[in-house]
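As a plain string of letters, each chain reads:
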Amino acid sequence: MRYLSLIFILFFLMTGCSSKNISTPHTKKNIIATEQNSTQTSEDDEFDDEFDDETKEVFDPLEGYNRVMTNINDKIYLYAFNPISKGYAFVIPKPVRVGVSNAFENLKFPIRFVNNILQLKFDHSIKELGRFMVNSTVGVLGLFDVATKAGIKRYDEDFGQTLGYWGVGSGFHIVLPFLGPSNLRDTIGLAVDTAISPRTHSGLEYQIPKNNLESLGYASLYYTNKNSLHLGEYENLKKDALDVYTFFRDAYEQKRAKEILE
Amino acid sequence: MLKRTIFIVLILCSSLFAVEEGNIKSEMESKIATITQILQNKSLSLESKKEQIAPTVDNLFDYKTMAKISLGRVWKKLSSSQQEQFTKKFEQKLKNSYFEKLELYTDQKVVVKELEKPKANRIYLHSEIIGTEESYEVIYKFYKVKNSNDWKIYDVDITGVSIIQTYRKQFSEFLKTKSFDELLASL
C-alpha cells in the first residue's frame, strides 16, 4: 500500500514535470522581457544585481493545492501540534528534551554520512563517523553531544542537497502534509533519506522500529520534541508575512539554495 | 559656553555612532555584547529591554535604502512624499519584527565571526547564533555610504534567507493585485 501511494505520488510529480515543458516558452518570454527592463534600470541602481528580480514569475503549478495545504498545516499546527508540544515541554524538563534531540540527531548519522560521501565531502563524512562513535559511547547513546562541545561540528547534508549538488534543479514547490514547505527535488530526497533513516521502518537491519506503527511513534516523538524546543517561532515568523504561503515558500527556497552551496 | 560644550559633545557623540570600515567588527561585537547583556538581565521587563536596545541598533541600519530595495522598480514610480511615507512605515515594520524576534531569546550566544569584502563598497559580517541544539548563521550586509566613510546595514541574511529579498518578493506579489495605498495600510 505504501509503495502504491509512493508510485502514485511519483507519477503525479512526473506529470507535473511535463506540464513544465509546455509552459516554458511562456515563462521564457517573461524572463526576456524583465531582463530588458532590468538592464535599463541597473545603471542607476547598483543594489538591483544583488537581489532577485522581484517581478520574475515563480513556476508554481501546484499553487492552488499548496495554498490549501498551507492552511491545513497551519490549523493542525496551531490547534493540535502546538498545544501537544507545549504540554510536553511543561512536563519534560528542558535538559531532557535537549538530550532527546541530541539522540535523534545522532541517529541521523547514516543520512549525513552517506550524503557527504555522495557530495564528495570525504573529510566531512570522516568527521561525521568520528562524531557518531564519540557521541554513541562517551555521549551515552547520543544523549550528550560531546563532539560539538569538543569542537567537531555537525555537517548536515540530505539527499535533496545531494541532488542539488549534482545540478538537479528544485523543480516546483510542494507543501507536504504535516511537514510543510518542500519542492519536487527535496520530496524525492526526503523519501530516500527516510528509507535509510534508523528511526523509520523500511526493512534495513539497523533500523529501530520493527513496524510502521513504531516508526510513526518515533516520528511523533521526534517532531514533538523538536517543536518543544522551538515554541513560538512559527507564529512569530508568520507575523512578518503579507501572504503566508508565498512568504514560507520563498524563505524555504532561499534557505535550501544556500544549504546546497555549502 | 554651555552651548558650545553641548555642541562639542554632540559632535563627539555623532562621530562615535558612525561605523567605519576599520571598526565594523569591533563595533558590532560590542553592540551585540551590549544587547545580549540587556536580554539576559532578568530584572528588566520586556518593554524596558526594548527601550534600552533601540538606541544601540538605530544608527546601524539604513532604513531608506532597505525600503528602496524592498520595493524594487516600483520605488521610482512613487512621489517623494510617498517614498517618505513608505520608508517610515517600513522602518516601523522592521523594528517591530526585530523586537518580536527578541521575545524568542532564551539563552543563545552570539558569536561574531569573519568579515568578507565581496566588493569595494560592500562588507559582510558573518555571525552565528548558538542555541542549545541548533545554531543559525546570520550575515549583516553593510554598504559604504557614498562620499563618506560611513558603513550602514542594508540587509540581514539569516540561514540563507535575505530579509529584504523576502520583503521584495512579498511586496511585488502584493502590488500585482492591490494598490500602493493598500500596501501602506497593511504594513
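As the structure is a prediction and not an experimental result, all values here were calculated from the model.

**Q** Quick rundown of the overall build of chain A? Include the residues and the values.
**A** Helix and strand counts for chain A stand at 11 helices and 2 strands. Each helix (α) and strand (β) of chain A, taken in turn from the N terminus, gives the series α-α-α-α-α-α-α-β-β-α-α-α-α. Taking the contacts inside chain A whose residues are at least 6 apart along the sequence as the reference set, 64% of them involve residues at least 24 apart. Accessible surface, chain A as shown: approximately 14,700 Å² in total, 69% of it carbon and sulfur.

**Q** Break down the packing of aromatic side chains for me, with residues and values.
**A** Under the criterion given, the structure shown has 22 aromatic pairs over all chains. For the pair Phe90 of chain B and Tyr167 of chain B, a centre-to-centre distance of 5.2 Å together with 90° between the ring planes defines the contact as edge-to-face. In this pair, Phe90 of chain B is assigned in helix H6 (residues 80-102) and Tyr167 of chain B in helix H7 (residues 163-177), connecting sequence segments 77 residues apart. For the pair shown, Phe90 of chain B and Tyr167 of chain B are each scored as buried. In this structure an aromatic cluster arises from ring pairing among Tyr77, Phe81, Tyr234, Phe247 and Phe248 of chain A. The ring centre of Phe174 of chain B lies 4.9 Å from the NZ or CZ of Lys178 of chain B, which sits over that ring.

**Q** Explain the nonpolar core residue by residue, including any values.
**A** Within the largest apolar cluster, 47 residues are counted, with the highest numbers of intra-cluster contacts made by Phe86, Phe90, Tyr140 and Phe142 of chain B. Leave out the neighbours within four places in its chain, and Phe142 of chain B touches Ile24, Met28, Leu60, Asn121, Arg122, Ile123, Leu125, Trp151, Lys152, Ile153 and Tyr154 of chain B. Within the second largest apolar cluster, 5 residues are counted, among which are Leu62, Phe172, Ile174 and Leu176 of chain A.

**Q** Could you give me a rundown of unusual backbone geometry, with the residues and numbers involved?
**A** Residue and element names in this part refer to chain A. Despite not being glycine, Leu120 has its phi angle at roughly 60°, a positive value. Position of Leu120 relative to the elements: it lies in the loop between helix H4 (109-118) and helix H5 (122-137). Overall, the relative accessible area of 45% leaves Leu120 in the partly exposed class. If you check the backbone angles, Leu141 has positive phi at about 55° while not being a glycine. For Leu141, the location among the structural elements is in the loop between H5 and helix H6 (146-149).

**Q** I'd like a rundown of the interface of chain A and chain B, residues and numbers included.
**A** Opposite the 45 residues of chain A that make contact, chain B presents 47 residues. Roughly 3,900 Å² of surface becomes buried between chain A and chain B when both sides are summed, with 45% attributable to carbon and sulfur atoms. Remark: the boundary between chain A and chain B carries 9 salt bridges. Glu137 of chain B is the partner of Lys258 of chain A in a salt bridge, and the nearest nitrogen-oxygen pair spans 2.8 Å. On inspection of chain A and its partner chain B, the count reaches 20 residue pairs in polar contact (both at pLDDT 80 or more).

**Q** Requested: an account of the confidence of the model for chain A, with residues and values cited.
**A** Chain-level pLDDT for chain A is 86 on average; 83% of the residues reach the 70-or-more range. Of the regions scoring below 50 in pLDDT, residues 6-44 of chain A engages in 19 contacts with residues more than four places distant in sequence or in other chains.

**Q** I'd like to hear about the pairing of strand E2 (residues 180-183) of chain A, residue by residue, with values.
**A** Residue and element names in this part refer to chain A. Summarising the sheet, strand E1 (residues 173-176) and E2 pair through 4 bridges and their orientation is antiparallel. Bridging across to E2, Ile174 finds its partner in Ser182. Between E1 and E2, which pair antiparallel and follow one another directly, the connecting turn spans 3 residues, one of which, Phe178, has a positive phi of 65°.

**Q** Could you give an account of the packing of helix H2 (residues 63-91) of chain A against helix H11 (residues 244-261) of chain A, naming the residues involved and the relevant values?
**A** All names here are of chain A. Interhelical geometry of H2 versus H11 gives an angle of 100° and a closest axis separation of 10 Å. One element, H2, and the other, H11, form an angle in the roughly perpendicular class. Contacts between H2 and H11 pair Glu63, Asn66, Arg67 and Thr70 from the former with Val244, Tyr245 and Thr246 from the latter. Partitioned by chemical class, the residues of the contact of H2 with H11 number 2 nonpolar, 3 polar and 2 charged.

**Q** Please set out the pairing of strand E4 (residues 151-158) of chain B residue by residue, giving values where relevant.
**A** Residue and element names in this part refer to chain B. Judged by how many residues are buried, E4 sits mostly within the fold: 6 of 8 residues are covered. Examined bridge by bridge, strand E3 (residues 135-144) and E4 share 7 bridges and lie antiparallel to one another. Considered in E4, the bridge of Phe142 is made with Ile153. Here E3 hands over to E4 after 6 residues, with Asn147 in that stretch at a positive phi of 55°. Sheet topology note: the E4/strand E5 (residues 161-162) ladder contains 2 bridges and is antiparallel. Looking across to E5, one finds that Ile158 is bridged to Val161. The turn joining E4 and E5, which pair antiparallel and follow one another in sequence, is formed by 2 residues; a positive phi near 45° is taken by Thr159.

**Q** Kindly report on the environment of Val19 of chain B, identifying the contributing residues and their values.
**A** Residues and elements named next belong to chain B. Tracing the chain through its elements places Val19 in the loop between helix H1 (2-17) and helix H2 (24-40). With a relative accessible area of 4%, Val19 lands in the buried category. Residues Val19 and Leu94 lie 75 residues apart in sequence; the distance between their C-alpha atoms is 21 Å. Those residues within four positions of Val19 in sequence are excluded, and the remaining contacts are Ile24, Glu27, Leu60, Asn149, Asp150 and Trp151.

Scoring rules and cut-offs
Residues numbered from 1 in each chain as written. Chains lettered and ligands numbered in written order. Predicted model: local features only at pLDDT ≥ 70, side-chain atom pairs only at ≥ 80, totals over all residues. Heavy atoms only, no water. Helix = DSSP H or I, 4+ residues; strand = E, 2+ residues; numbered from the N terminus. Contact = heavy atoms within 4.5 Å. Areas by Shrake-Rupley, 256 points an atom, 1.4 Å probe, with all protein chains shown as cover. Phe/Tyr/Trp six-rings, centres within 6.5 Å; stacked < 30°, edge-to-face > 60°. Buried < 20%, exposed > 50% of the residue type's maximum accessible area, 1.4 Å probe, protein only. Lys NZ or Arg CZ within 6 Å of the ring centre and 35° of its normal. Core = buried A, V, L, I, M, F, W, Y, C linked by side-chain atoms within 4.5 Å. Buried area = accessible area lost by both parts, 1.4 Å probe. Salt bridge = Lys/Arg side-chain N within 4 Å of Asp/Glu carboxyl O. Polar contact = N/O pair within 3.5 Å; in protein donor to acceptor, adjacent residues only side chain to side chain. pLDDT = per-residue confidence, 0-100. Pairing = 2+ DSSP bridges. Axes fitted to C-alpha atoms, helices over the stretch in contact; angles between N-to-C directions. Parallel < 35°, antiparallel > 145°, perpendicular 65-115°, else oblique. Nonpolar A, V, L, I, M, F, W, Y, C, P; charged D, E, K, R; others polar.

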